[in-house]
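Secondary and tertiary structure notes
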Amino acid sequence: MDAGDRLAQQIEAMSQMLAEAEPASLRTSYLADPSAGNPVLQGSTATALVPRWNERPSGLWVPASSKEPAPIDLTAVFLTPEEIFGRQLGSGYTESQLQRLPLEGVLRFCAMALNALAVPGASVASVDHGFANLVFKEPVRSRVLNLLQDKTRRLLVPQAFMLLARRAMEISPDTLSPEGKEEGDVVGALFALTQTMGVFPDSGPTVIGDRPGTLGRELIANQHFNHNWSVAGFLARYARRWLQLPTEHQGEPGVVDLSQAYRDSTGVQFESLAAVAGYLWMVTTSGRFVIEPGELAVLNIPTEQVEAALALISTDLPGMREAVRSQLPAHRTEWSFDPFQQWPVLRLSEERLLILDPRHLLNRAFGWLPMWDIKFPPPGHTKPVGHRKLAARAESTLRHFSEVYVSEVLHKITGDEGTTRRVYDDAELRVAYTAQGQRIADAAIDYPGTWIVIEVTTSQLRREAVTAVPGESQIDDIDKLLEELDQIDATIAALRRDEAALTGTSAIADRRYLPLLVLPEGFPVNPVTLTVIRERARARGLFQAPDTDPVEIVDIEELEMIEGIQEESGPSMLDILRSKQSGSLRNAAVRDHILHVMRLHPSRPARQSDLLEAALKPLADALPRPPQDQSRRENG
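Below or above, wherever it landed, is the structure these notes cover. It should be emphasised that the depicted structure is a prediction, and the values quoted were computed from it without experimental measurement.

1. Digging into the overall build of the chain
Per the secondary structure count, the chain includes 29 helices and 13 strands. Across the chain, contacts joining residues at least 24 apart in sequence account for 74% of those joining residues at least 6 apart. Summed over all atoms, the accessible surface of the chain reaches about 31100 Å², with 53% contributed by carbon and sulfur.

2. Description of the side chain of Asp442
Looking at where Asp442 falls in the secondary structure, it is placed in the loop between α20 (426–432) and β10 (443–447). This buried residue, Asp442, is left without a salt bridge; Arg430 holds the nearest opposite charge, at 5.9 Å. Excluding anything up to four places from it in sequence, Asp442 contacts Tyr424, Asp425, Asp426, Leu429, Ile454, Glu455 and Val456.

3. What about unusual backbone geometry?
Here the bond from Glu138 into Pro139 is cis, since omega is 5°, no more than 30 degrees from zero. In this structure, Pro139 sits in the loop between α6 (124–135) and α7 (140–147). A positive phi angle, near 60°, is found at Glu350, a position not held by glycine. Its place among the elements puts Glu350 in the loop between β7 (345–347) and β8 (353–355).

4. Quick word on the sheet that holds strand β11 (residues 450–456)
Ordered in space as β9-β10-β11-β12-β13, the five strands form an open sheet in which the pairing is mixed. Bordering the open sheet on either side are β9 (423–425) and β13 (552–554), each of which pairs with just one other strand. Averaged over all pairs of adjacent strands, the angle between their axes in this sheet comes to 25°, without regard to strand direction. Relative to β10, β9 runs antiparallel, the two being bridged by three bridges. Looking across to β10, one finds that Asp425 is bridged to Ala443.

5. Quick word on the pairing of strand β12 (residues 512–518)
Among the seven residues in β12, six count as buried, and that is most of the element. Here β11 pairs with β12 via seven bridges, running parallel. Among the inter-strand pairings, Glu455 is bridged to a residue of β12, identified as Leu517. Tracing the backbone out of β12, into helix α24 (residues 527–539) and back to the parallel element β13 gives a crossover that is right-handed.

6. Describing the packing of aromatic side chains
According to the stated counting rule, one finds 14 aromatic pairs in the structure shown. Centre to centre, the rings of Phe85 and Phe136 are 6.2 Å apart; their planes meet at 75°, and the pair counts as edge-to-face. Placement of Phe85 in helix α3 (residues 81–85) and of Phe136 in the loop between α6 and α7 is noted, with a sequence separation of 51 residues between them. According to the relative accessible area criterion, Phe136 is buried, its value standing at 4%. Aromatic side chains Phe225 and Phe337 sit 5.6 Å apart centroid to centroid with 50° between the ring planes, which places their arrangement in the tilted category. Residue Phe225 is found in helix α10 (residues 213–226), and its partner Phe337 is found in the loop between α15 (317–325) and α16 (338–342); the two are separated by 112 residues along the sequence. Neither residue differs from the other here; Phe225 and Phe337 are each classed as buried. Joined through ring pairs, the aromatic side chains of Tyr238, Trp242, Tyr262, Phe270 and Phe366 make up one cluster.

7. Here we look at the pattern of salt bridges
This model, assessed by the stated rule, comprises 42 salt bridges. Put simply, Glu521 and Arg241 hold a salt bridge, and the shortest N to O gap is 2.6 Å. Here Arg241 lies in helix α11 (residues 231–248) and Glu521 lies in the loop between β12 and α24, a separation of 280 residues in the sequence. Considered together, Glu521 and Arg241 belong to a single accessibility category, that of buried residues. Here the salt bridges do not stand alone but share partners, grouping Arg237, Asp555, Glu557, Glu558, Glu560, Glu563, Arg591 and Arg607 into one network.

8. Looking at helix α17 (residues 358–366)
For the α-helix, the turn length of 3.6 residues means that residues three or four positions removed from each other point alike. Within α17, seven of the nine residues are buried, which leaves it mostly tucked inside the rest of the structure. Listed as buried for α17 are Pro358, His360, Leu361, Leu362, Arg364, Ala365 and Phe366. The backbone nitrogen of Arg359 lies 3.0 Å from a side-chain oxygen of the residue at the head of α17, namely Asp357.

What counts as what
- Residues numbered from 1 in each chain as written.
- Predicted model: local features only at pLDDT ≥ 70, side-chain atom pairs only at ≥ 80, totals over all residues.
- Heavy atoms only, no water.
- Helix = DSSP H or I, 4+ residues; strand = E, 2+ residues; numbered from the N terminus.
- Contact = heavy atoms within 4.5 Å.
- Areas by Shrake-Rupley, 256 points an atom, 1.4 Å probe, with all protein chains shown as cover.
- Buried < 20%, exposed > 50% of the residue type's maximum accessible area, 1.4 Å probe, protein only.
- Lys, Arg positive; Asp, Glu negative; His and termini not counted.
- Salt bridge = Lys/Arg side-chain N within 4 Å of Asp/Glu carboxyl O.
- Pairing = 2+ DSSP bridges.
- Axes fitted to C-alpha atoms, helices over the stretch in contact; angles between N-to-C directions.
- Right-handed = clockwise from strand over helix to strand, strands pointing away.
- Phe/Tyr/Trp six-rings, centres within 6.5 Å; stacked < 30°, edge-to-face > 60°.
- Polar contact = N/O pair within 3.5 Å; in protein donor to acceptor, adjacent residues only side chain to side chain.

Okay, here's the thing in structure tokens:
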């Protein structure tokens, strides 16, 4: 007998010993039959229902199949013409079709999609499917719907619709000539744009260091353009910053009444702007994007105020054509839509109004842009005496109230009430650290074993930076943020040196420090921007001590998400930030970590309900009341 035969005999004997002597009753009671490659439960031959487990940094054991997302998993890819139609569309196809499409028709087509996507709570996938069923015929419709089964694919790209509207302003005629020419293909014109969107001859470096490069610029512009604020949170912040805080801080040095400053600079009541814009936005949420003639007459506002408010936020088609064509060529990127953001309402023929994108309307009336009206009053209105000084004070006031609002949210997050002291604002920090030249951050939060040191800045990326204009604008804006980081670093050094000067008690051993930069107006945080900021901070020697964590950046909406988590007794802000720094999305935005790694879906903070009501009060007061409500008021 050779060696091979002896081995086979030994295997057979072992098989008999281990398996064949097993009682039949036991053999029939298995949960599952063992099979090759499948682990079994220890001490049995039953296949494990969950074969492998992984331990997360938190100590939680999860199935190995539950993988944390990577940053690339958060991206969606739009369908190309070749995938949709089975072929590429010819060069110049968009332009040739727009020459045979009336301008108003193109704008209505774009508004149909942009308004559907902007409805609060709208499902992008549902809008994609509805659009495909509406505009495509077989077999293209089935091909597109099959491709959309992949949840990472998108059909409708807001940027493409804005580009189509911009190109139509340059190319499309007001009306078609009566020569019987076939009307152009608006659907093909749209998707032909996607063949060249984001395509550059030189994408720059593929390894990100302390500069974003061409690809990085595009990512920054993309994220800035596609960022969607929560409408409720957006309006709540408007009510607090523009309406309530000016009244509460009336008479303080440097503070002006923002509503009064707006009225003096424009001749328009701030309540009238809110009511008119609020009504137009409310109409879009019901699926309409064209307002019929005279519809605004239902508002209980003087006609001249309605027209004055509309004059600030609207323009007719010739005016928009001129504004688009007058844009500087150097600033004319695939992300530059300034005229549409300045005038989000378009005046059509026969006194109809068209809302191209409701996001632009909300920002124009309830975001930062009303400050633009204060700084640059309409030509027909006489500027108030001392206008330049008034405008500067108004902008300073709004910036200050943005910081006050952030402080309020921080106190809500920490539950800093009564005798418990967790949040130390800049006033306490300045009293504690008085050395000449000492730079102070805006706040510090005392968590067990860790200080979160916070700087709030209302700085925003300039238009050149958010529209990916080639040059140094993005680096220049990032370097401005580094000045804010220097204040955090200096405050950390002061706390490390003498914590008792602030708290009155000696520091515990092994303190750590987490620097946090808050940008209330938003900032495109992604692996490119966060890497660039951290690398440039490192080059300046900031946050390099072993007891200091990497800097994190949040906007006000992310802080409010954390506030909502606290109200639901969820993890603390420190736990959230710490888990992010060890998670798969450590270089992405905090919201991405909360939603996709922690898989939390926080509710709106409770305090926003009253603020939302305050924001919509001008509209509620201006709307006609039902007859029964009117009779109650008269009889009351």
